[in-house]
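Fold and geometry: a report
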Amino acid sequence: MKKLLSLLTVLTLVSTSALAAGGSVELPKQPWSFQSVKADWEKDKIYRGYQVATQVCMSCHGFKYIKHRDLMKVGFTEAEVKKLAEEMEMSVMDTFKSALSDEDAIAAYAKALPDLSVMNKARPGGADYTYALLTGYKEAPEGFNLPDTGSYNEYFPGHVIAMPAPLAEGQVDYFDGTNATVKQMASDVAYFMQWTAEPELTTRQQLGVYVLLYVFILAILLYFTKKRIWSDIKRKDTE
Amino acid sequence: MAEKVSKKDVVDHGKRDFLSGTTKAFGAAGAACACYPFIKSMSPSAKVEAQKYTEVDLSEIAEGDTKKVIWRGKAVFVKHRTQSEIALAAAGDKTVSIDPQTDAERVKKPEWLVTIAHCTHLGCVPIDGSTENWACPCHGSQFDVSGRVVKGPAPKNLEIPPYEFLDDNTIKIG
Amino acid sequence: MAKQQVNPNPSSKLEWFEDRLPLISFMKAELVDYPAPKNLNYAWNFGSLAGIALILQILTGFFLTMHYKADAGLAFDSIQHIMRDVNWGWLIRNLHMVGASFFFIVVYIHIGRGLYYGSYKSPREILWGMGVLIFFLMMATAFLGYVLPWGQMSFWGAQVITNLISVIPLVGDDIVIWLWGGYGVNDATLTRFYSLHFLLPFVILGVVFLHLWALHNRKVKSNNPTGIDLKKDTDFVPFHPYYTIKDTFGLAVYMLPFLFMVFYMPDYLGHTDNYIPADPMTTPAHIVPEWYFLPFYAILRAINFNILFLDSKLLGVIAMVSSIAILFILPILDKSKVRSARFRPIYKVMFWAFIANFFFLGWLGAKPAEQPYTAMSQVATALYFGFFLALPWIAKIEKTKPLPTSI
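Source: prediction; values computed, not measured.

1. Section: the overall build of chain C
Of regular secondary structure, chain C possesses 15 helices and two strands. Against the 2.2 N^0.38 benchmark of 22 Å for 407 residues, chain C shows a C-alpha radius of gyration of 24 Å, consistent with a compact globule. By its C-alpha atoms, chain C is 70 × 60 × 45 Å across when sized along the principal axes. A buried classification covers 54% of the 407 residues belonging to chain C. The long-range fraction of contacts in chain C, counting pairs at least 24 apart against all pairs at least 6 apart in sequence, stands at 78%. When the accessible surface of chain C is totalled, it reaches about 18600 Å², and 71% of it is carbon and sulfur. Computed over 30 positive and 24 negative side-chain charges, the separation of the two mean positions in chain C equals 13 Å.

Shown next, in the form of C-alpha cells:
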C-alpha cells in the first residue's frame with residue numbers, strides 16, 4: 001500500500017501540472033519580490049504602479065474593487081491617500097472607475113473593456129503575463145496577416161490584440177524620479193495589479209510558515225504518541 | 001465476542017504521561033487558534049469599518065430643522081436649534097429627573113444638537129412629538145429639545161456620539 | 001422476553017438519562033470500544049480523513065454563506081468582498097476551495113483501498129453501495145459549488161453539464177429548462193444551485209451515518225489488509241486510543257500538503273478563467289471541468305460515434321454515468337471468494353493497471369477533444385469497463401495464494 005500512496009501522489013502531481021501548463025507561448029519569468037514568503041508589499045513600487053495604472057490604464061479600464069483608502073494597508077498615510085484622491089477629484093472611498101464608460105467602450109470597441117482588479121488571477125502566468133504582454137508589442141513578422149484593428153503582440157494568444165500598445169517611453173512622471181522606461185512601467189503596473197488581484201498575498205505567505213511549522217511539530221508529537229500507545233500491541237505480537 | 005476486549009489488554013497510559021500531555025496541550029492550543037479566524041469573520045468587515053466616520057455639511061440644515069444621517073449603520077439627529085429652543089433646553093436643566101444632565105454637557109455649540117436617534121429603551125427612532133420635541137413610536141418615551149428623556153420607559157437620555165467640528169460648517173461624527 | 005423498563009430508582013443522574021436516551025453508551029460503544037482489527041495499515045486512515053474533510057467543508061462553507069450573495073449580479077463581487085473585506089475571508093474561502101479538491105483526493109484513495117482489499121465483498125455490499133452513493137452526491141455538490149463564484153468556468157461548466165440532461169429521450173429538453181428555471185443558465189439557476197449546494201452536504205452527512213452504521217454493525221465490522229474474517233478477540237483492539245491516535249496523526253500529516261496549498265497555491269487546482277465574470281456571450285477557448293471530474297469527462301467525450309439509433313451524445317452520457325454506477329454492482333461482478341489483492345496475483349496486476357488507466361483518463365480529460373486524444377480516450381474507456389467486465393471470468397481462472405488462518 002505504501003507503493004499505492006506514493007504512486008498516487010506522484011501521478012497526481014504529474015497530471016495536475018500537465019493540466020496547469022496549458023499556455024501556448026513560454027512567458028519570461030520576472031523576479032517578483034512578492035514571491036518570497038517573507039515579502040511585504042513595497043510601498044514605492046505600488047506607488048509607481050498606481051501612477052501608471054491611474055494615468056494610463058484607467059483611461060480605458062477600471063479597478064472596481066480598489067479604493068484610495070486601500071492604499072493605507074500598504075503603508076500610505078491617511079494624508080497621502082487623501083491628497084492622491086483629491087488630485088483625481090475622488091473621495092478616498094470611491095472605487096477606481098475607468099474614464100471610459102461601458103457605453104462609450106461598446107460604441108468604440110463593440111464590448112465593455114475588462115476590469116483589471118483581478119486580471120492577474122484571470123490569466124495564466126499572472127504578473128509575468130501582464131509584464132510580458134505590456135512589453136510584447138512588436139512589428140508583425142513578415143507574412144503575418146495583421147488586421148487593421150489589431151496590434152501584434154508576442155505573448156497574446158493568437159498574437160493579434162485589440163488593445164494598442166499602451167505604454168511609451170517617459171509616459172509617466174514618477175514621484176521618485178525613476179526613469180519611466182516601458183519595462184519599468186510594465187513591471188510597476190504588473191506589481192500593482194498583483195496587489196489589486198490578491199492584496200492578502202503577503203499576509204497569507206507570512207502566516208503560512210508559522211501554520212505549517214506548527215502542524216509539522218504537532219505531527220511529530222502525534223507520531224511519537226502513536227508509537228507509544230501502539231507499543232504494547234507490537235510487543236505482544238512479537239512475544 | 002470481540003467487543004469484550006478485556007481491561008488488562010488495554011494499557012493504562014495515565015494522565016501524567018508527559019508526551020501525550022504535551023501533544024494534547026499543543027493540539028488543543030492549535031485548535032483554539034484555528035477557531036479565531038472563523039469567529040472573527042463575523043465581526044464587522046473592512047467595508048463596514050471603513051464607514052467609521054460620517055461627515056455632515058451643516059450649511060444645508062436651516063435653523064429649526066433636523067437632519068437624519070447614518071453613522072455606522074445608526075441614525076443620528078443633527079438638529080439646528082433656534083434661540084428659543086436653546087432657551088427651552090437650558091430651562092429643562094432644572095426639570096429633567098430620569099437621567100439628569102445639563103444641556104451644556106450635551107452640546108459643543110448650543111445651536112447644534114448631535115444625538116443618536118435611537119431610543120434608549122429598545123432602539124426605535126423617535127419621531128416629532130406633540131408635547132416634547134421627540135416621541136418614540138414604539139413605547140411612548142418622550143425626549144426634549146436636548147434629547148433628554150422626559151417620560152419613560154426609556155431609562156437614559158439619547159446618546160451623544162463622538163463628534164468634532166472640522167470647521168464652522170462641517171462636523172465629523174465618529 | 002421480559003419487557004425492559006427504566007430503573008425507577010436510578011443510582012445516578014447519568015443512569016436516569018441513559019435509561020431515557022442511551023447516548024453516552026452509544027458513543028462509547030461506537031467511538032471508544034468499537035473493536036477494530038489491529039493490523040489495519042495507513043490506507044485505512046482515509047475513511048476518517050474523508051469524514052473530517054466533509055466536516056471542514058460544511059464548517060467553512062457555513063461561514064462563507066454569511067457573506068456570499070447568490071445573485072447573478074452580485075455573486076462575483078461578493079467573492080471579492082470575502083477575499084478583501086471579510087476578516088479572514090480569504091483564509092476561509094481558500095480552505096473551502098482547496099478543501100474540495102483534497103476531499104476528492106482522500107475519497108479516491110479511500111475507494112482505491114476498498115478496491116485493492118476487496119472491501120466491497122460480502123458482507124460489505126451495502127456499506128460499499130452507500131459509499132458509491134456518497135461519491136455521487138459529492139460530485140453533484142462539488143459541481144454545484146463550482147458554479148457559485150459565477151466566473152466564466154462556473155457559467156460554462158454549468159451550461160455544458162446541465163445540457164447533458166437533455167439527452168434523456170422525449171422529456172430531456174423540458175427537464176433542462178425546468179432545472180435552469182429559464183431558457184439557459186441564468187440568475188434563477190444560480191440561486192437554486194446555491195440552495196442545493198447548501199442542502200446536499202447534509203444529505204451526504206446522513207448517508208455517511210448509514211455508511212458508518214453498516215460498518216459498525218457487529219456482524220460486519222472493518223475489513224483488514226489480509227481480507228480474511230477475524231475470529232479471535234485478540235485480533236482486535238479498541239478504537240480508542242489505538243485508532244483515535246493513529247487517525248489524528250494521519251490528520252496532521254494530511255494537513256501539511258493541504259495547508260501548504262491553502263497558503264501558497266490556493267488557485268493552483270482551479271482555472272484562471274473563473275476570475276473572469278460570467279459572460280453568456282463568450283465561451284472560453286478551452287472548457288475543462290475541475291480535475292476530479294477529468295477521468296469521467298474523458299469517458300464522456302470518448303463516445304463520439306452512434307450505435308444504431310442511439311446517438312453519440314446520449315451514449316456518452318450513458319457511458320459516463322455507468323462508469324461510476326458500475327461500482328454499485330461490483331460486489332456482484334467480482335465472484336472471487338478471496339478479498340485482498342495480496343492473495344490474488346492476477347487481480348493485483350489488474351488493479352494497478354486500472355489505477356494507471358484511471359490517471360491516463362484524467363490526463364486525457366484535460367486535453368482538447370481532437371486526435372490522437374479521442375482515440376486514446378476510446379481505448380482507455382474500453383480498458384476502464386474491461387476491468388469490471390473481466391472480473392467474473394478472472395474469479396474463475398485465478399489461482400489465489402493460500403490464505404492465512406489468522407493475522
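2. Concerning the state of the cysteines
Tallied over the full model, the rule gives one disulfide over all chains. Cysteine Cys 33 of chain B remains unbridged, with the sulfur of Cys 35 of chain B as its closest cysteine sulfur at 8.9 Å.

3. Overview of the pattern of salt bridges
Taken as a whole and assessed by the stated rule, the structure comprises 25 salt bridges over all chains. Asp 176 of chain A serves as the salt-bridge partner of Arg 48 of chain A, at 2.9 Å between the closest nitrogen and oxygen. Remark: Asp 176 of chain A occurs in the loop between β4 (160-161) and α7 (182-197) and Arg 48 of chain A occurs in helix α2 (residues 43-55); sequence separation between them is 128 residues. Accessibility expressed as a relative area gives 11% for Arg 48 of chain A, which makes it buried. Asp 176 of chain A sits in the partly exposed class, given a relative accessible area of 35%. Two residues, Lys 121 of chain A and Asp 267 of chain C, come together in a salt bridge whose shortest N-O distance is 3.7 Å. Of this pair, Lys 121 of chain A sits in helix α5 (residues 119-122) while Asp 267 of chain C sits in the loop between α10 (239-264) and α11 (294-302), placing the two residues on different chains.

4. Quick look at the packing of aromatic side chains
For the structure on display, the rule yields 67 aromatic pairs over all chains. Their ring planes at 10° and their centres at 5.7 Å tell us that Trp 32 of chain A and Phe 34 of chain A sit as a pair that is stacked. One exposure class covers both Trp 32 of chain A and Phe 34 of chain A, and it is buried. The ring of Tyr 174 of chain A carries the charged tip of Arg 48 of chain A above its face, separated from the ring centre by 5.9 Å. Between Lys 109 of chain B and the ring centre of Phe 165 of chain B, over which it is positioned, the NZ or CZ distance is 4.3 Å.

5. Topic: the confidence of the model for chain C
Looking at chain C, the pLDDT average stands at 94 and 100% of residues meet or exceed 70. The ipTM, which scores confidence in the relative placement of chains, is 0.91 for this predicted complex, and the corresponding pTM is 0.89.

6. Examining the nonpolar core
By size, the foremost hydrophobic cluster in this structure holds 132 residues, and its most contacted members are Tyr 68, Phe 104, Phe 135, Phe 258, Phe 296, Tyr 384 and Phe 388 of chain C. A per-element tally of this core places helix α5 (residues 89-116) of chain C first, with 16 residues. Counting 41 residues, the second largest nonpolar core, distinct from the first, contains Phe 76, Met 119, Leu 134 and Met 185 of chain A.

7. Remarks on the sheet that holds strand β8 (residues 149-151) of chain B
Residues and elements named next belong to chain B. Ordered in space as β5-β6-β7-β8, the four strands form an open sheet in which the pairing is antiparallel. Of all the strands in the sheet, just β5 (127-128) and β8 have a single pairing partner and so form its edges. When β5 meets strand β6 (residues 134-135), the two strands line up antiparallel, connected through two bridges. Bridge pairing links Asp 128 to Trp 134 in β6.

8. Some thoughts on the domain arrangement of chain B
When the parts of a complex come together, some accessible area is lost, and that lost area is often taken as the interface size. Each assigned domain of chain B is listed here: domain 1 (14-41) and domain 2 (49-173). Here domain 1 of chain B and domain 2 of chain B have C-alpha centroids that lie 50 Å from each other.

9. Notes on the sheet that holds strand β3 (residues 74-80) of chain B
Residues and elements named next belong to chain B. Sheet architecture is open: three strands sit in the order β2-β3-β4, paired in antiparallel fashion. Because the sheet does not close on itself, it has two edges, and the strands there are β2 (66-71) and β4 (112-116). Going from strand to strand, the sheet's axes swing by 25° on average, the running direction of each strand aside. With five bridges connecting them, β3 and β4 associate as antiparallel partners. Residue pairing across strands places His 80 opposite Trp 112, the latter belonging to β4.

10. What about the confidence of the model for chain B?
Averaged over all residues, the pLDDT of chain B equals 83, while 91% of them reach at least 70. Note that residues 1-11 of chain B has pLDDT below 50 and, in this model, 17 contacts with residues that lie over four places away or in other chains.

11. Structural notes on the pairing of strand β1 (residues 63-67) of chain A
Residues and elements named next belong to chain A. Where burial is concerned, most of β1 is hidden: four out of the five residues are buried. With two bridges joining them, β1 and strand β2 (residues 95-96) adopt antiparallel strand pairing. Within β2, the position partnered with Lys 67 by the bridge is Thr 95.

12. Some thoughts on the side chain of Gln 152 of chain C
All names here are of chain C. Turning to its location among the elements, Gln 152 is positioned in helix α7 (residues 152-164). From its side chain, Gln 152 meets the backbone nitrogen of Asp 279 in a polar contact 2.8 Å long. Each residue touching Gln 152, except ones within four places of it in the same chain, is listed here: Asp 273, Asn 274, Ile 276, Pro 277, Ala 278, Asp 279, Thr 282 and Pro 284.

13. Comments concerning the packing of helix α1 (residues 13-20) of chain C against helix α2 (residues 23-32) of chain C
What describes two packed helices is the angle between their axes and the distance between those same axes. All names here are of chain C. It is at 7 Å that the axes of α1 and α2 come closest, and there the two elements cross at 80°. Between α1 and α2, the crossing angle belongs to the class labelled roughly perpendicular. In this structure, α1 uses Leu 14, Phe 17 and Glu 18 to contact α2, whose residues at the interface are Leu 23, Ile 24 and Ser 25. Looking at side-chain class alone, the contact of α1 with α2 contains four nonpolar, one polar and one charged residues.

14. Some thoughts on the interface of chain C and chain A
Tallying the contact residues gives 50 residues for chain C and 48 residues for chain A. Three residues, Arg 84, Tyr 264 and Phe 359 of chain C, lead the burial of chain C against chain A; their summed loss comes to 16% of the area buried on that side. Here chain C is connected to chain A by two salt bridges. Connecting chain C to chain A are 10 residue pairs in polar contact (both at pLDDT 80 or more). Per-element tally for the side of chain C that touches chain A: the top contributor is α10 of chain C, with 15 residues. Tallied by class, residues from the side of chain C that touches chain A come to 37 nonpolar, six polar and seven charged.

15. Let's talk about unusual backbone geometry
Residues and elements named next belong to chain C. Following Ser 122, the chain continues to Pro 123 via a peptide bond in cis, the omega torsion being 5°. Inspection of the secondary structure puts Pro 123 in the loop between α5 and α6 (125-147). Not every positive phi belongs to a glycine, and Leu 308 is a case in point at roughly 50°. By the secondary structure assignment, Leu 308 is in the loop between α11 and α12 (312-325). Look at Leu 308 and you get exposed, because its relative accessible area is 79%.

About the cut-offs
Going along each chain's sequence as written, the residues are numbered from 1 onward. Just so you know, chain letters begin at A and ligand numbers begin at 1, following the order they were written in. Where local features are concerned, this predicted model is filtered to residues with pLDDT of at least 70; where side-chain atom pairs are given and counted, the filter is 80 or more; whole-chain, interface and lining totals use all residues. Only heavy atoms go into the side-chain values, all of them from the structure, while hydrogens and water stay out. By the criteria applied, helices consist of DSSP H or I runs no shorter than four residues and strands consist of E runs no shorter than two, each listed in order from the N terminus. C-alpha atoms define the radius of gyration, and 2.2 Å times the number of residues to the power 0.38 defines the globule rule. Categorising residues by exposure relies on relative accessible area from a 1.4 Å probe, with only protein chains included: less than 20% of the type maximum marks a residue as buried, more than 50% marks it as exposed, and the intermediate range marks it as partly exposed. Residues count as neighbours in contact if any of their non-hydrogen atoms are within 4.5 Å of one another. Here the open area of atoms and residues is found with the Shrake-Rupley method and a 1.4 Å probe, where only the protein chains shown may cover a residue. The convention is simple: Lys and Arg are positive, Asp and Glu are negative, and His and the chain ends are not counted. The atoms used to mark charge sites are NZ of Lys, CZ of Arg, CG of Asp and CD of Glu. For this text, the term disulfide refers to a pair of cysteine sulfurs within 2.5 Å. Criterion for a salt bridge: a side-chain nitrogen of Lys or Arg within 4 Å of a carboxyl oxygen of Asp or Glu. Here a pair means two rings of Phe, Tyr or Trp (six-membered ring of Trp) with centres within 6.5 Å. Their orientation is stacked below 30 degrees between planes, edge-to-face above 60, and tilted elsewhere. Placement of a positive charge over a ring is assigned whenever Lys NZ or Arg CZ falls within 6 Å of the ring centre and within 35 degrees of the normal to the ring plane. For every residue, the predictor reports its confidence as pLDDT, a number between 0 and 100. Buried Ala, Val, Leu, Ile, Met, Phe, Trp, Tyr and Cys residues form a nonpolar core when they are joined through side-chain atoms within 4.5 Å. For two strands to count as paired, DSSP must find a minimum of two bridges between them. Where each domain starts and ends comes from a domain assignment, either automatic or drawn from a database. Between N-to-C directions, angles span 0 to 180 degrees; the directions come from axes that are lines fitted to C-alpha atoms, helices contributing only their stretch in contact. Counting of polar contacts relies on pairs of N or O atoms within 3.5 Å, with two restrictions inside protein: one atom must be capable of donating a hydrogen and the other of accepting it, and residues adjacent in sequence are counted only when both atoms are side-chain atoms. Our angle categories are set so that under 35 degrees counts as roughly parallel, over 145 as roughly antiparallel, 65 to 115 as roughly perpendicular, and the remainder as oblique. Polar here means any residue other than Ala, Val, Leu, Ile, Met, Phe, Trp, Tyr, Cys and Pro, which are nonpolar, and Asp, Glu, Lys and Arg, which are charged; Gly is therefore polar. A simple way to read buried area is as the amount of 1.4 Å-probe accessible surface that goes missing from two parts once joined, with both sides added.

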